[in-house]
Every structure is written in C-alpha cells, then in structure tokens.
Amino acid sequence: MTAAIETRGLVKTYGEKRALDGLDLDVPEGSVFGFLGPNGAGKTTTLRILSGLSHPTSGEARIYGRDVVSATNETRTDIGYLPDVPGFYDWMTAVEYMHFTGSLFGIDRKTLVARTETLLGFAGLAGVHTRIGGYSRGMKQRLGVAQALVSAPKLLMLDEPTSALDPIGRKQLLDMIASLRGRTTVFFSTHVLSDIERVCDRVAILNAGRVVKSGPIEELRARHGATRLVLEVAGPAAALAERVGSEPWATDVAPGEEGMLSIATSDVGRARQVLPALIAELGLGLVRFETAEVSLEEVFVDLVGGEGL
Amino acid sequence: MNGFLAFLGKEFREIFRTWRIWVIPGITVFFALTGPVLARFTPEIVGSLMAGQSAGVTIELPDPTYVDAYLQWTKNLSQIVLFAVIIVCGGLISAEKKAGTASIVLTKPLSRSSFVLAKFIAASALLIASSLIGALLTWGVTYAVFDEAPFAELARATGVWLVFALLFVAFLELLSASMDSQSAAVGLGFGAYALLGIGALWEPALRYSPCGLLGAPTEIVTGAAESVLWPVVASLVLAFALVALAVAIFRCREL
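Procedures and definitions
Residues numbered from 1 in each chain as written. Chains lettered and ligands numbered in written order. Predicted model: local features only at pLDDT ≥ 70, side-chain atom pairs only at ≥ 80, totals over all residues. Helix = DSSP H or I, 4+ residues; strand = E, 2+ residues; numbered from the N terminus. Buried ≥ 20, exposed ≤ 12 C-beta atoms within 10 Å, placed from the backbone. Contact = placed C-beta atoms within 7 Å. Core = buried A, V, L, I, M, F, W, Y, C linked by C-beta atoms within 7 Å. Pairing = 2+ DSSP bridges. pLDDT = per-residue confidence, 0-100. Axes fitted to C-alpha atoms, helices over the stretch in contact; angles between N-to-C directions. Domains from an automatic or database assignment. Expected span 1.5 Å × (residues − 1). Nonpolar A, V, L, I, M, F, W, Y, C, P; charged D, E, K, R; others polar.

**Q** Outline the overall build of chain A, listing residues and values.
**A** Scanning chain A for helices and strands turns up 11 helices and 14 strands. In terms of principal-axis extent, the alpha carbons of chain A reach across some 80 × 45 × 35 Å. For chain A, the residues scored as buried account for 42% of the 309 residues in total. Taking as baseline every contact in chain A between residues at least 6 positions apart, the subset at least 24 positions apart corresponds to 68%.

See below:
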C-alpha cells in the first residue's frame, strides 16, 4: 500500500535556524495520524512543505508517491488543507467561499450546493449569512475545516485545528475527525495531548525538527519507558520512597498523600518481587498495589523533556 | 483551467464588492466629468483671481477649445490616475500572501502561474474598462461644452496611455510577487516612473523605449506627436516579460 505521506531526510533551514533536521515520517493510508510536538518543533513547517507552500532545503517529501515540490493539480486534488491561521476573503459569505473553493476543484454546481449545506451544518455555520470579515476566530477555524473537506479529499491535513475552538467546537471537530477514519487519511498537528489520545490511532512525536518516536499509540505506550505502579501503604511512605529510589529498576518515585506512592519502573516483574519484601521489612502494611496505564503525556514528557507543556 | 477561471471570477467579483471599484474607476470618471468643464471655465476662474490681486495688469487668455479639455484628461491620466494604479497594484499579490488567503487557495488545484496571470488579467481589465468609460465620458462632456470633440485623437491618446499603464501593472505585479511590503513596491513603482521621466530626456530612449510613452498622450492631443510605434511595441514586450518573470519568481517563493 502506498503511504499517504512519506518524508525522508527532510531538512528546512531559515538562515542559521534548522526548523527540520532530517525528518523521516510515514503516514499510512486510512489512518488518523497525530503529529505531536512542542511549540517550535517543526510541525507547521512540515505541513507547509507537504502542502506545497514551502520548499524543503533538502530531502524528499511525497504524498501518495508523488513529490510535493513538483506537485501538480492532480496532487492538490487529493489534499484538503487547513493552515494554523486560516485567511479568508472578508467580503464573501461562508456559502460564497465554499462555492468558490469548490469551483477551484471543478465540482459541479449541484454537488457543491449539497456539500456546502452539509459541511456548513457540521461547522455550525448553517444560516449564517454575514460576511466572513465579521466572524470570530473560532468561526473562521470551523469554516477552515469545512473548506478543507469541500473536495472530499483523500488526505486531510490540519494544522492545530482545535486551537481556536471552544470545548463544544473541539469535541465536534474531534468527533468529525474520528468519523473519517478508514475513509480519509487525517494528518493533524497539535500540542494538545488529549486530542491525540481521543481520536488518533497513530502518532509521531516531533522535537527539534526530528521525529523522536512514531507508531501506533498503544504500541508507543507499551514500548516506551516505564510502567507506573501505584502503591498505598499503611504508615508513612517516605522511608519506602527513599529505599525504592535507590533500586536500579525504579526510574521515578513520587510520594503522594497519606501513604500513596507512584513508582515508574523499567522492570515491572522485578518491582513486583521486591516491593512486598521492602514493605514488610519497613513494617508497613500493604493497602493497595496496582499497575497504572502510562499516558501519552508521560511518554511525551519523557521524550521531549517537558518542553512546550 | 477550472482553477484559473474560478479564480479569475473571484477577482472580478472582488473588484465589484470591495473598495477597488471606487478607486481607479471613480477617479477616471470624476476627471472625465470635471475636466472639460474645468477647461471651459479656466479663463474666467484665472481672470477673477487675478482681478483682485494685480491692479493695472491684464492677462489675456485664449478662448478654450476641446484641445484644453483633452489636455486635462491626458494630464490627469499621466499623473493622478497612474499614481493610483501604482498604489493599488503594489499589493496585487503580497496582500493575499499577507492576509493568508493565498495559503488556502494555492493548496487547491490552482497553480501559482494561474494565480499571477488571473491577477494581471483582472487588474488590466479594470484599467481598460475604466479608461474606456472615462474617454467616452470625456468625449461626451467635451462635445456638450465645446460643440466639437474629435474622437480619434482622444482614443489614440487614451490607448497609448493605456499601454503605458499596463506596463506599470506588470511591473507592480512583479514587485508584489517578489516582496512582502506593499509600500516598498509602491515606492519602487514611483522610482520607475521618475526614471522613465529622466530617460525621456535621451533621444534614443524616447524613440525606442517605454520612455517615449510618458508624454505621448499630451503630444497626440496637441498634434506634436511623432510615431509611437516603437515605444508601444517595446512596452508591450516588456510588460509580457515582466509578467513572465513575476510568474517565475512567485513559483519559487515561500508562502
């Protein structure tokens, strides 16, 4: 199967600054792919290169096997794109704008009218007849998503699509993205971890212009870093925390309130053997012992060192 | 082709739905309507002003004719209208880049070449329509005021000016495609106008280059014009080359 997006050694420099530093990325067709990274990691630069707005300094970028630098109308027909700050013709209404963007694709009038009604309804802009110049940022963002979908694209690329939306708008957009799974490849950038966890099946974590981790979210959680154990003991947990902290399998120990202890471990089997013995040795009673799910946030913080959070 | 025609349609709708409809068409219509009237009453106006200031001195002005009305028209075209063209066209492309509108439309099936060409065609069409309407109004009002208004020389003078103005549209489009600042493009546009004025002092440039079109409309009206074929051909070829260069530069630019 041809990858929807494929980049190899993608480099983009602005003077001395290296915005992308050998970016390798594979976005499988049909996936909902989250592109996660702190501010300034290179997310927007990547999307701008993929959409043909910017040119790479070196390296390759392909969409459905076609080079983006020499992209033709055929390539652009496959893409729906929403920039981070979308700009519109203020003198148009939303319906006019949708008809205009649809006509760039040569979509017939009947289809365009029906699609415009559906998409503006989804965007919460049905019945809004004022000019776009009077829209709020959130309304413009929602119109931006609607226009990106007007051609029913094979690949939808969204740059920080939820950044200007209120909680309801955000939920609606994420639900819409989830509903496209299997039909349209969705590639969207964000620094909001919960958005990724909510709808994406795959994620690439970007830092300083490089992909530091990429794969299915579950695999990433399982493969990367520590499992977290949550303990509750009867008695003061401080002494236990000190003893656990000196163990080689404990990567992070965080005492909580009233006998609670959160331990990140690189060897959960060893931890399970040793911890009950330590608790007994210190004369503490074991109240609770459970394995907690490692969140994407923890993976992200670990990989990028907490930048951008 | 779909993308080009759709975008060209947007450009024309934008002209009619925004301030653009009021600037160049508004200015040309205003001067077309007032120029002949002003020419007709200039001797009376000057006479009444001088009467109160220079006792004992009498200034005799010749009776105005349709030539004075046509001169008003060509002078306004060559200066105020051309300056308006420079100011308006300075942001032809950079304004869309700055507003972020180009970032959306150019990710759709609309090539950068089509984007630049559609902009040039729409701006040129606006200029052609404005000057045509202005010339017709000038002719009509001149006839009404002076009972005489030969159309051929007015049409020729306006046509020659139009070629000169289209050269500036092409030059401003090139500047706007090359730089983000509209004011810098406008400044360079005025600089080019000044350079052409200086170039017109050199006889070969006056005969064979666009420099020859700077004063040509006025000379046509006064009957002092020599052949402007070479300056017209040179201007059209140069305008074509400038648009082609604008396309080439814009295709390489970051948006």
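**Q** I'd like a rundown of the overall build of chain B, residues and numbers included.
**A** Counting its secondary structure elements, chain B contains 11 helices and 0 strands. Each helix and strand of chain B, ordered N terminal to C terminal, gives the series α-α-α-α-α-α-α-α-α-α-α. In terms of overall dimensions, chain B has C-alpha extents of about 70 × 40 × 35 Å along its principal axes. Buried positions account for 41% of the 255 residues belonging to chain B. Considering only contacts in chain B between residues 6 or more positions apart, those separated by 24 or more positions represent 79%.

**Q** Can you break down the nonpolar core residue by residue, with the values?
**A** Core analysis: the biggest nonpolar cluster contains 130 residues, and B:Val85, B:Val169 and B:Ala170 have the highest contact counts within it. With 17 residues, the top contributor of residues to this core is helix α7 (residues 151-178) of chain B.

**Q** Could you give an account of the sheet that holds strand β1 (residues 5-14) of chain A, with specific residues and numbers?
**A** Residues and elements named next belong to chain A. With respect to topology, 4 strands assemble into an open sheet ordered β2-β1-β4-β5, the strand pairing being antiparallel. The two strands at the open ends of the sheet, each matched to only one other strand, are β2 (17-27) and β5 (66-67). Sheet topology places strand β4 (residues 58-63) next to β5; 2 bridges connect them, and they run antiparallel. In the sheet register, Arg62 faces β5, and the bridge partner there is Asp67.

**Q** Can you tell me about the confidence of the model for chain B, naming the residues and giving the values?
**A** Taken over all residues, the pLDDT of chain B has a mean of 93, while the share at 70 or more is 96%. Both confidence scores are given for the complex: pTM 0.85, ipTM 0.88.

**Q** Tell me about the sheet that holds strand β12 (residues 250-255) of chain A, and please be specific about residues and values.
**A** Residue and element names in this part refer to chain A. The 4 strands are arranged β12-β13-β11-β14 in an open sheet whose pairing can be described as antiparallel. Lying at the two open borders of the sheet, with one neighbouring strand each, are β12 and β14 (285-292). Here the average twist between neighbouring strands, direction ignored, is 20°. In this sheet, strand β13 (residues 260-265) lies alongside β12 in antiparallel orientation, the contact comprising 5 bridges. Counterpart to Pro255 in the pairing with β13 is Leu261.

**Q** Would you mind going over the domain arrangement of chain A in detail, with residue names and values included?
**A** For an interface, size is often stated in terms of accessible area lost upon the parts coming together. Domain parsing of chain A yields domain 1 (5-222) and domain 2 (226-293). Just the C-alpha atoms count here: the centres of domain 1 of chain A and domain 2 of chain A sit 44 Å apart.

**Q** Would you mind going over α7(B) in detail, with residue names and values included?
**A** Along an α-helix, a turn takes 3.6 residues, which lines up residues three or four apart on a common side. The terminal C-alpha atoms of α7(B), which comprises 28 residues, lie 40 Å apart, in line with the 40 Å expected from a rise of 1.5 Å per residue. Across the 28 residues of α7(B), 20 count as buried, placing the element largely inside the fold.

**Q** Describe the interface of chain A and chain B, listing the residues and the values that go with them.
**A** Between chain A and chain B, the residue contacts involve 24 residues of the former and 22 residues of the latter. Secondary structure elements with two or more residues in the side of chain A that touches chain B: α2 (73-77), β6 (79-82) and α3 (94-104) of chain A. By residue number, the principal contributor to the side of chain A that touches chain B is α3(A), which donates 4 residues. When grouped by side-chain class, the residues that make up the side of chain A that touches chain B number 12 nonpolar, 11 polar and 1 charged.

**Q** Could you give me a rundown of the pairing of strand β11 (residues 227-234) of chain A, with the residues and numbers involved?
**A** Walk down a regular strand and you will see the side chains alternate between the two sheet faces. Residues and elements named next belong to chain A. Pairing of β11 with β13 involves 6 bridges; the strand directions are antiparallel. Directly across from Leu231, in β13, lies its bridge partner Leu261. Where β11 and β14 come together, 7 bridges link them in antiparallel fashion. Pairing of Arg228 across the sheet is with Ala292, part of β14.

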